[in-house]
Amino acid sequence: MSKNKVALIFGITGQDGSYLSEYLLKKNYIVHGVIRRSSSFNTGRIDHIYQDPHKKKRNLILHYGDITDSISVSSLIKKILPHEIYNLAAQSHVAVSFEVPEYTANADAIGTLRILEAIRFHKLQSRTRFYQAGTSEMYGKVKETPQNEYTSFYPRSPYGVAKVYAHWITVNYREAYKIFACNGILFNHESPRRGGTFVTKKIVNGLCRIKKGLQKTLYLGNLEAKRDWGHAKDYAVAMWKILQKREPDDFVIATGVQLTVKEFVNLVLKELKIDYLWKGKGLSSRCFIKGTKNKIISIDKNYFRPLEVDTLLGNSKKARRELKWKPKYNVKSMIKEMVYEELNSLKDDKKN
Ligand code: NAP
Ligand code: GDD
């Protein structure tokens, strides 16, 4: 019998799944990951750690599965008998959740229940620890600032509502069945691996393309929303630390620093050494290259949501005290890395 710990990650192909698997592999875990069948390759973020299935000894093993399919979830858990399960799988885009609310509820809410039920059904309570990817979106129309583990939830999107169900079903299974089940309530976290339709990656990609003369204008939505942005690599460490506690518990993970979307844009412009000038307000906000008529940012009202979460700011004192967790990045060093990687990938694109 191998002495290595065994982890199972739902959502391994996503931003967080890729950083978490790298981290667990460095800690000598055997990592199992669930991937979905897709008409095009969806493993780009984990290709660099992929291991040939014909190799005799592997510590990264991928399985087809889907969080909306109870039997696939249950049979994978029974076959793998993991020590730790990380549920990162979700339809994770807030705006898209207004377009596909039913699927979002199925994947993000009931998906969590499916995993917990499989742990209970297969009587794995004494073996398997469970991490649920909770979110600051649950605070929605915030009841207090900053938000901590005791702040009430008031979700503002089908995504946020589904995640509130996932949060409470995790608490419920912990209390009812003594499952070591924990919620990480993570505030926004970004990286060069962030999906292209989330605002930070969209801004970095658009402005890098403008800098390189590949694009003229970047269209954005609400510039006034405030977020607490951290780096996904730091947040993956927190996920692991949460599952190493003596007792299961819930933790807010955040930087405690807040910026508006517009302030984020300005930092990226500075990093790219683009001299800029904003004109107008609200829907008529626009940004020019200073001293020219080159409009590089315009507002498209289609990027506004039916409801907005205006402000999110986390208080992660509990995690800092009890988990000894502390982020290594700040928003400026994160932007530096995102811009550097984006410019490099644009160079590669040009070659192809
Ligand atoms: P992401 O990049 O969108 O990754 C989501 C992952 O879930 C992908 O691997 C995706 O697979 C998978 N997935 C989606 N639907 C699935 C299904 N039906 N069955 C199986 N897998 C499915 O998201 P992320 O930024 O890494 O976030 C990870 C988790 O943390 C999510 O649950 C998200 O809601 C939560 N969260 C994120 C943040 C943040 O700021 N990033 C903050 C708080 C909480 P494909 O690659 O095939 O699409
Ligand atoms: N996506 C997007 N695109 N957002 C825009 C745009 C745009 O063109 N313009 C302005 N925004 C604003 C959104 O209205 C929102 O207020 C803010 O930028 C951040 O949007 P996203 O990057 O899409 O992230 P999010 O805060 O809605 O959700 C992310 O963080 C949550 C944690 O609070 C996602 O990662 C969720 O999965 C996560 O739970």
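Positions within a chain are numbered from 1, following the residues in the order the chain's sequence is written. Whichever chain is written first becomes A and whichever ligand is written first becomes 1, with later ones labelled in order. Predicted model: local features are reported for residues with pLDDT of at least 70 only, side-chain atom pairs are reported and counted for 80 or more only, and whole-chain, interface and lining totals are derived from all residues. Here the side-chain values reflect all heavy atoms present in the structure, with hydrogen atoms and water set aside.

### Concerning helix 2 (residues 70–80)
As a reminder, the rule being used: Buried residues are those whose accessible area, probed at 1.4 Å on protein chains only, stays under 20% of the maximum for their type, while exposed residues exceed 50% and partly exposed ones sit between those limits. Helix and strand labels come from DSSP, where a helix needs a run of H or I of at least four residues and a strand needs a run of E of at least two; each type is numbered from the N terminus. Relevant arc is that of directions from the helix axis to the C-beta atoms, nothing else.
All of the buried residues along helix 2 are S72, V73, L76, I77 and I80. Buried residues along helix 2 cover an arc of 125° about the axis, so they all sit on one side. Away from its buried face, by an angle of more than 90 degrees, helix 2 presents the exposed residues I71, K78 and K79. L81 occupies a position one or two residues after helix 2 and carries a positive phi of about 45°.

### Observations regarding the site of ligand 1
The line we're drawing: Whether a residue is near a molecule or strand is decided by its heavy atoms; if any one of them lies within 4 Å of it, the residue is near. The term polar contact refers here to a pair of N or O atoms within 3.5 Å; inside protein, the definition further demands a hydrogen-donor-capable atom paired with an acceptor-capable atom, and it admits residues adjacent in sequence only when both atoms are side-chain atoms. Only the protein chains shown count as cover for residues, and all accessible areas are computed by the Shrake-Rupley method using a 1.4 Å probe.
Lining the immediate environment of ligand 1, one finds 25 residues, of which T13, D66, S92, Y103 and Y159 sit closest. The contact in question runs from an oxygen atom of ligand 1 to an N or O atom on the side chain of N42, over 3.2 Å. The side chain of K163 places a nitrogen or oxygen atom 2.8 Å from an oxygen atom of ligand 1. Burial of ligand 1 by the surrounding chains reaches 90%, relative to a free accessible area of 900 Å². Among the elements of the structure, helix 1 (15–26), strand 5 (129–135) and helix 5 (158–177) are those that each provide at least two residues to the shell around ligand 1.

### Description of unusual backbone geometry
With an omega of -5°, the peptide bond running from T145 to P146 counts as cis. Its place among the elements puts P146 in the loop between strand 5 and helix 5. For K178, which is not glycine, the phi torsion reads 60° and is therefore positive. Here K178 lies in the loop between helix 5 and strand 6 (180–186). Positive phi is not limited to glycine here, since K273 has a value of about 55°.

### Description of the site of ligand 2
Put simply, the rule is: Under the grouping applied here, Gly and all other residues not named as nonpolar or charged are polar, the nonpolar ones being Ala, Val, Leu, Ile, Met, Phe, Trp, Tyr, Cys and Pro and the charged ones Asp, Glu, Lys and Arg.
Taken together, 23 residues sit near ligand 2, with T135, S136, Y159, R305 and E308 positioned nearest. At 2.8 Å from an oxygen atom of ligand 2 is found a side-chain nitrogen or oxygen belonging to R194. Calculation on ligand 2 without its partners gives an accessible area of 710 Å², and the protein chains cover 96% of this total. Classifying every residue of the shell around ligand 2 gives nine nonpolar, eight polar and six charged.

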